Amino acid sequence: MCGIVGYIGDEEATPVLVNALKKLEYRGYDSAGIAVLGSGSEGQGDGEKRSLVVRKAKGALKNLEQRIATEIIRGTMGIGHTRWATHGEPSDVNSHPHTNVSGKIAVVHNGIIENHAKLKEWLKESGVAFKSQTDTEVVAHLVDHFYQGDLFEAVRATLDKIEGAYALAFLCENEPERIIAVRKDAPLVIGAGKGEYLIASDVTPLLEYTRDVYYLNDGEIAVLYRDRVEFFDREGHPLTKETTRVEWDVSAAEKGGFEHFMLKEIHEQPKALADTLRARIKTYAAKTINLEEIGFDASWAQAHRVVISACGTAWHAGVVGKYALEHFARIPVDVDVASEFRYRDPIYDPKDIFIIISQSGETADTLAAMRMARKSGARIIAITNVVGSTLAREADLVMYTWAGPEIAVASTKAFTTQLMCVYLIALKFGHLRKVIDDAELAANIDALEALPALAEQLLGKKDDIQRFAARQFNKTKAFFMGRLFDYAVSLESALKLKEIAYTHSEAFAAGELKHGPIALVDESTLVVAICTQSALFDKMDSNIKEVKARGATVLVITWEDEKYFDATADEVFRIPRTLDALSPMLSVIPSQLYAYYCSVMRGNDPDKPRNLAKSVTVE
Ligand code: F6R
């Protein structure tokens, strides 16, 4: 949801900023821009006196790159932005950086200034002429309003006025030695290089320059110089902060020979699943699950209920979690999308266990749900992929998915590893509650350990899905249906196809179709029936016959040795066999591939689907 970057050092800032923005483009790609303190080719700056030069362009970053290739800016400090439009259409003028009237103060912003309308009126009354429709422009004018020769104090005064969520970075022509950055409810990381400091919305753009980073907390201010960075609280008191060493492999954030990040990340699932599992399986007398990281001990037996909250794909992982926890641990589970949870009037019990799931750990609604749940005194467990994310830092206990950086906007490996985490919790909990005995636990652990190799086998058959997609990608309507775990996977499958192929797709609990949605089924409909719950095969078979009778084309996804649907389905895609209750970690993969191939065949960019952003840090 917008990416911001900054650089101060001895190198030319423009290539560093553009390079960093490339790594953040997944956060928004409606427009991009940079502001550099230096000299522009059109004559701003005379080589001695440096002036603030801004370049922006609507659309993808490559448009900005084309501009700056001819309109060169020289200078060794600057800030940059890639936008996901919230206030004002994607356009050159609404692109960041935004400047004050004289063009001497520039700001980039990720988030929303909620009281911008009131501030804008107030500034207009004092004679300020606005250029854009954005909420961010008020910040540039406010800093100008408070500026009396000290950018730091002007920024602090501005923070007193603005409400909402923000990561902001400022540059001022009169202060060519420093960049100022602040955050509240939006991510911001500072990279500490040798004789250079950088700012970014996440760690990935920094890795080329440094592995030592500072995570800024809400309300903290960073002042970056070429040779040091200083931290302050909102009142201006100095703070001491420690760097964190990032151990990620840089190549993990590159495409590694795949055409798109999404395809690469789909293929990384066997390794990601193995990584998620590895640290948690211990062999003492027998194999067991170790969840010390989330404080799993006998006290969990007192829990009355588990509550899961998340958004989008992570919520689908929560739906699987509900089925898994109820099945393996026989404990009641409520699962809710975070944007609903935060505004309804939930009933809390201090004995509840809250599981909050988020790949990025920065989703605004999910963080709000977590903060609400905290007040109830319940135990909060975060499942997240991003070390140092706000969720990881604020939750009581964290279970990392260890999926590695997920760059494609549509989530794949983060989902399957989130599933692995909820299954580990469900099995451990089931054992503690004596719902499953040692032998059943061991059998399930064995099955989990076999999954990475099975996922690899499944990926080996991706050409079958590609061929099927080649025949179906122009379908305008796709329904996914299933029962129990297969219903949860249908939700995720339909979302994938919507997100990147822009196909109207819906998910249905298979038994629910005849209560209304079947009215939509005709010859133009593709129905994907996910059939891994053996006890319900005859029910699924009836549902398949019902949609076929209305003209639908039916793809069945089922076990490799299963013949049940051969007579009814138009096509069967077979996945390697695991236990029925563990199926989602495999059965979702064909849908990920199908969505990917349809997206490419329809001429879309699966990594950067329209209207979406990777990390939704606004409500
Ligand atoms: C779908 C997708 C989104 C995210 C949702 C929550 O492919 O990526 O639906 O799952 O925005 O994001 P996180 O998990 O970062 O909280």
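In this text the structure is predicted, and so the values were computed from the model without any measurement. (Residues numbered from 1 in each chain as written. Predicted model: local features only at pLDDT ≥ 70, side-chain atom pairs only at ≥ 80, totals over all residues. Heavy atoms only, no water.)

Draft legend 1. Summary view of helix 5 (residues 151-161). Taken together, the buried positions of helix 5 are occupied by Leu151, Phe152, Ala154, Val155, Arg156, Thr158 and Leu159. Among the structural elements, helix 4 (137-146), strand 8 (164-172), strand 9 (179-184), strand 13 (221-224) and strand 14 (229-232) are those in contact with the buried residues of helix 5. (Buried < 20%, exposed > 50% of the residue type's maximum accessible area, 1.4 Å probe, protein only. Helix = DSSP H or I, 4+ residues; strand = E, 2+ residues; numbered from the N terminus. Contact = heavy atoms within 4.5 Å.)

Draft legend 2. Inspection of unusual backbone geometry at higher detail. In this model, His96 is joined to Pro97 through a cis peptide bond whose omega is 0°. Assignment of secondary structure puts Pro97 in the loop between strand 5 (77-83) and strand 6 (98-99). With a phi angle near 60°, Lys434 is a residue other than glycine that sits in the positive phi range. Relative to the helices and strands, Lys434 resides in the loop between helix 12 (413-432) and helix 13 (438-459). Taking relative accessible area as the criterion, Lys434 reaches 73% and is therefore assigned exposed. Of note in this structure, Tyr502 is not a glycine but carries a positive phi near 60°. Considering the arrangement of structural elements, one finds Tyr502 in the loop between helix 15 (485-501) and strand 25 (504-509).

Draft legend 3. Local environment of helix 16 (residues 537-549). With 13 residues, helix 16 extends 18 Å from end C-alpha to end C-alpha; this agrees with the ideal 18 Å at 1.5 Å per step. By the burial criterion, the buried members of helix 16 are Phe537, Met540, Asp541, Asn543, Ile544 and Val547. Angular distribution of buried residues about the axis of helix 16 spans 165°; they occupy a single face of the element. Tucked inside the fold, the buried residues of helix 16 contact strand 24 (477-482), strand 26 (525-531) and strand 27 (553-559). (Expected span 1.5 Å × (residues − 1). Arc of directions from axis to C-beta.)

Draft legend 4. Spatial organisation of the state of the cysteines. Taken as a whole and judged by the stated rule, the model has 0 disulfides. The structure places no disulfide on Cys2, whose sulfur is separated from the nearest cysteine sulfur, that of Cys311, by 18 Å. Cys311 gets classed as partly exposed once you look at its relative accessible area, which sits at 23%. (Disulfide = S-S within 2.5 Å.)

Draft legend 5. Structural view of the sheet that holds strand 26. Spatially, 25-24-26-27-28 is the arrangement adopted by the 5 strands of the open sheet, whose pairing is parallel. This sheet does not close on itself; its edge strands, each paired only once, are strand 25 and strand 28 (571-575). Here the strands of the sheet are splayed against their neighbours by 20° on average, with no regard to which way each runs. Pairing between strand 24 and strand 26: 5 bridges, direction parallel. Bridge pairing in strand 26 links Phe480 to Val528. Of the strands in this sheet, strand 26, strand 27 and strand 28 touch helix 14 (residues 462-472), which is tilted by about 150° from strand 28. Relative to the sheet, helix 15 contacts strand 24, strand 25 and strand 26, its axis offset from that of strand 25 by approximately 175°. (Pairing = 2+ DSSP bridges. Axes fitted to C-alpha atoms, helices over the stretch in contact; angles between N-to-C directions.)

Draft legend 6. Fine view of the packing of aromatic side chains. What the rule picks out here adds up to 18 aromatic pairs. Judged by centre distance (6.1 Å) and plane angle (45°), the ring pair of Tyr348 and Phe354 falls under tilted. For Tyr348, a relative accessible area of 30% corresponds to the partly exposed category. Ring-pair connections join several aromatic residues into one group, and the members of that group are Tyr323, Phe328, Tyr423 and Phe485. (Phe/Tyr/Trp six-rings, centres within 6.5 Å; stacked < 30°, edge-to-face > 60°.)

Draft legend 7. Fine view of the domain arrangement of the protein. Domain annotation of the protein identifies domain 1 (3-244), domain 2 (252-459) and domain 3 (460-607). The C-alpha-based centres of domain 2 and domain 3 are spaced at 24 Å. Across the domain 2/domain 3 interface, buried area totals approximately 3,200 Å², and carbon plus sulfur atoms make up 72% of it. Where domain 2 packs against domain 3, one counts 0 salt bridges. Sorting elements by how many residues they give to the side of domain 2 that touches domain 3 places helix 13 first, with 11 residues. Residues of the side of domain 2 that touches domain 3, tallied by class, amount to 26 nonpolar, 12 polar and 3 charged. (Domains from an automatic or database assignment. Buried area = accessible area lost by both parts, 1.4 Å probe. Salt bridge = Lys/Arg side-chain N within 4 Å of Asp/Glu carboxyl O. Nonpolar A, V, L, I, M, F, W, Y, C, P; charged D, E, K, R; others polar.)

Draft legend 8. Region of the structure containing the packing of helix 8 (residues 312-329) against helix 15. Where helix 8 contacts helix 15, the two axes come as close as 9 Å, and the packing angle between them is 175°. Regarding the angle of helix 8 to helix 15, the classification is roughly antiparallel. The segment helix 8 lies against helix 15, with Gly312, Thr313, Trp315, His316, Val319, Val320, Tyr323 and Ala324 engaging Phe485, Tyr487, Ala488, Leu491, Glu492, Leu495 and Lys496. (Parallel < 35°, antiparallel > 145°, perpendicular 65-115°, else oblique.)

Draft legend 9. A look at the site of the ligand. Around the ligand, 15 residues are found, and the nearest of them are Ser358, Gln359, Ser360, Thr363 and Glu499. A distance of 3.1 Å separates an oxygen atom of the ligand from a polar atom in the backbone of Thr313. Contact between the ligand and Ser360: an oxygen atom at 2.6 Å from a side-chain N or O atom of the residue. Expressed as a share of its isolated accessible area of 410 Å², the protein-covered part of the ligand is 90%. For the shell around the ligand, the elements supplying multiple residues, two or more each, are helix 8 and helix 15. Here the shell around the ligand is composed, by residue class, of 6 nonpolar, 7 polar and 2 charged. (Near = heavy atom within 4 Å. Polar contact = N/O pair within 3.5 Å; in protein donor to acceptor, adjacent residues only side chain to side chain. Areas by Shrake-Rupley, 256 points an atom, 1.4 Å probe, with all protein chains shown as cover.)

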